[in-house]
Amino acid sequence: MVESYIPLFVMILVGIIFGASNIVLTEILGPKRSTRTKLSTYESGMEPVKSARERFSVKFYLVAMIFILFDIEIVFMYPWAVQFKELGMYGFVAMILFMVLLFSGYIYVVKKGALKWD
Amino acid sequence: MNLDVILFALFAIGAVASAVFTITRRNPVAAAMSLIGHFFMLAGLYLTLHAQFVAVVQVLVYAGAIMVLVVFVIMLLNLGNEQQLTERISMRTTIGTLVAALFAMQVVTGLLARPTGVNTQHADAAMIGATAGIGNALFTTYIFPFEAVSILLLAALIGAVILAKRHLHEGI
């Protein structure tokens with residue numbers, strides 16, 4: 001049973017080794033001629049003005065929250081999609097009911113202007 | 001000791017270690033990173049229990065989406081000075097200790113009641129992955145809770161919009 005996961009573990013291992021080796025190799029092989037400008041915080045060419053640790057607007061949180069709710073909706077669609085043929089019309093109607101309720105939520109979000117970035 | 005048991009032990013140790021890391025770090029970002037590690041260890045545990053769908057959802061929803069919320073909370077509150085958060089013995093710690101003790105008691109009694117640890121899962125589910133089984137159960141036995149979830153999600157959506165939009169109009 002566990003043997004069927006060996007390809008997955010190999011893939012994760014290769015991913016970790018690839019990422020780690022890139023960081024380590026550039027640290028060892030790359031030339032390091034540091035200047036004041038090179039060591040300063042990268043701000044797309046702008047001079048860094050103040051600490052990056054400041055409070056962010058709640059707008060970001062709202063978008064993340066809406067994303068999560070629709071993310072969970074999609075999660076419920078996976079088992080439905082796998083058993084789509086077996087469940088037939090009954091499963092289809094059940095899913096449509098589920099979707100209609102959440103789509104009304106989406107309409108509410110759009111009408112309320114919650115996704116507008118004012 | 002077969003491979004199953006070894007993997008389970010590895011993931012269990014990793015899960016406990018990362019959980020301890022999460023609550024002992026002073027730096028909230030370090031704590032959040034340990035929490036991500038913990039979620040991945042839990043996903044591994046679900047895999048060893050042949051719950052593939054739950055494992056994938058664990059990574060997708062918890063390590064992906066929920067962690068975004070946690071990071072945003074750190075950004076919103078701007079927890080720069082962690083020293084402020086150290087608290088003395090209070091109502092909260094007392095209640096927390098009580099709940100933890102109750103939970104530990106339940107775990108111990110659960111372990112004593114079933115010391116064999118026999119895997120009672122159906123053979124078919126272990127063979128092809130649990131997604132199809134979950135789909136069948138969700139749309140037959142648990143159809144009402146499934147539809148109720150959509151109402152719960154709708155309520156959460158409206159609640160989030162109302163709470164956040166109120167602040168937007170105040171011009172923060």
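Residues numbered from 1 in each chain as written. Chains lettered and ligands numbered in written order. Predicted model: local features only at pLDDT ≥ 70, side-chain atom pairs only at ≥ 80, totals over all residues. Heavy atoms only, no water.

**Some points on the overall build of chain A**
When you go through chain A residue by residue, the secondary structure sums to four helices and zero strands. When the elements of chain A are put in sequence order from the N terminus, they spell out α-α-α-α. Scaling as 2.2 N^0.38, a compact globule of 118 residues should have a C-alpha radius of gyration of about 13 Å, whereas chain A reaches 24 Å, well beyond that. With the model as given, the accessible surface of chain A reaches about 9,100 Å², and the carbon-plus-sulfur share is 71%. Each charge sign in chain A was given a centre, from 12 positive and 9 negative side chains, and these centres are 10 Å apart. (Helix = DSSP H or I, 4+ residues; strand = E, 2+ residues; numbered from the N terminus. Rg over C-alpha atoms; globule rule 2.2 N^0.38 Å. Areas by Shrake-Rupley, 256 points an atom, 1.4 Å probe, with all protein chains shown as cover. Lys, Arg positive; Asp, Glu negative; His and termini not counted. Charge placed at Lys NZ, Arg CZ, Asp CG, Glu CD.)

**Remarks on a nonpolar patch on the surface**
Residue and element names in this part refer to chain A. On the surface, Phe-56, Phe-60, Val-63, Phe-103, Tyr-106, Ile-107, Val-110, Leu-115 and Trp-117 cluster together into a nonpolar patch covering about 810 Å² of accessible area. The leading source of residues in the nonpolar patch is helix α4 (residues 84-112), at four residues. When you line up the elements, Val-110 lands in helix α4. Given a relative accessible area of 44%, Val-110 falls into the partly exposed group. (Patch = residues over 30% accessible without salt bridge, like charges linked within 9 Å, V, L, I, M, F, W, Y side chains within 5 Å. Salt bridge = Lys/Arg side-chain N within 4 Å of Asp/Glu carboxyl O. Buried < 20%, exposed > 50% of the residue type's maximum accessible area, 1.4 Å probe, protein only.)

**Let's talk about the interface of chain B and chain A**
On the side of chain A, 51 residues touch chain B, which itself brings 51 residues to the contact. When the two sides are added together, the surface that chain B and chain A hide from each other amounts to roughly 4,600 Å², 79% of it contributed by carbon and sulfur. By the criterion of area lost to chain A, the three top residues of chain B are Leu-76, Phe-139 and Leu-157 of chain B, representing 15% of everything that side buries. At the surface where chain B touches chain A, the tally comes to zero salt bridges. One can count three residue pairs in polar contact (both at pLDDT 80 or more) joining chain B with chain A. Counting residues per element, the side of chain B that touches chain A draws most heavily on helix α7 (residues 143-169) of chain B, at 18 residues. (Contact = heavy atoms within 4.5 Å. Buried area = accessible area lost by both parts, 1.4 Å probe. Polar contact = N/O pair within 3.5 Å; in protein donor to acceptor, adjacent residues only side chain to side chain.)

**Some points on the packing of aromatic side chains**
In total, this model carries 10 aromatic pairs over all chains according to the counting rule given. With a centroid separation of 5.7 Å and an interplanar angle of 65°, the aromatic rings of Phe-76 of chain A and Phe-98 of chain A are classed as edge-to-face. Pair noted here: Phe-76 of chain A is in helix α3 (residues 58-82) and Phe-98 of chain A is in helix α4, with a separation of 22 residues, a long-range link. On the accessibility criterion, Phe-76 of chain A (17% relative accessible area) is buried. The interplanar angle of 55° and the centroid separation of 4.8 Å between the aromatic rings of Phe-139 of chain B and Phe-146 of chain B together place this pair among those described as tilted. Comparing Phe-139 of chain B with Phe-146 of chain B shows no difference in burial state: the two are buried. A connected cluster of aromatic rings, assembled from ring pairs, spans Phe-76 and Phe-98 of chain A together with Phe-139 and Phe-146 of chain B. (Phe/Tyr/Trp six-rings, centres within 6.5 Å; stacked < 30°, edge-to-face > 60°.)

**Quick notes on the confidence of the model for chain B**
Summing up the model confidence of chain B, the mean pLDDT is 81 and the portion of residues at 70 or higher is 79%. For this predicted complex, the interface score ipTM comes out at 0.72, alongside a pTM of 0.74. (pLDDT = per-residue confidence, 0-100.)

**Considerations on the confidence of the model for chain A**
Overall, the prediction assigns chain A a mean pLDDT of 85, with 96% of residues at 70 or greater. Considering each helix and strand of chain A separately, the mean pLDDT is smallest for helix α2 (residues 36-39) of chain A, with a value of 80, and largest for helix α1 (residues 6-29) of chain A, with 92.

**As for the environment of Tyr-108 of chain A**
With respect to the helices, strands and loops of the structure, Tyr-108 of chain A is situated in helix α4. Overall, the relative accessible area of 23% leaves Tyr-108 of chain A in the partly exposed class. A sequence separation of 63 residues divides Tyr-108 of chain A from Gly-45 of chain A, and the C-alpha atoms of the two residues are 40 Å apart. Ignoring any residue separated from it by four or fewer positions in sequence, one finds Tyr-108 of chain A in contact with Ile-158, Val-161 and Ile-162 of chain B.

**Digging into the nonpolar core**
Among the nonpolar cores identified, the biggest contains 22 residues, and Leu-62, Ile-66 and Phe-98 of chain A together with Phe-139 and Phe-146 of chain B are the most heavily contacted of them. Of all the secondary structure elements, the ones that give two or more residues to this core are α3 and α4 of chain A together with α6 (131-139) and α7 of chain B. Take this core: its biggest share by element is seven residues, from α7 of chain B. (Core = buried A, V, L, I, M, F, W, Y, C linked by side-chain atoms within 4.5 Å.)

**Considerations on α4 of chain A**
Residue and element names in this part refer to chain A. In this model, α4 (29 residues) spans only 34 Å end to end at C-alpha, well below the 42 Å of a helix rising 1.5 Å per residue. By the largest-angle criterion, Tyr-90 marks the main kink of α4, which is about 70°. Among the residues of α4, Leu-87, Gly-91, Ala-94, Met-95, Phe-98, Leu-102, Gly-105 and Val-109 are the ones counted as buried. Downstream of α4 by a residue or two, Gly-113 has a phi angle that is positive, lying close to 75°. (Expected span 1.5 Å × (residues − 1). Bend = angle between axes of the 7 residues up to and from the residue.)

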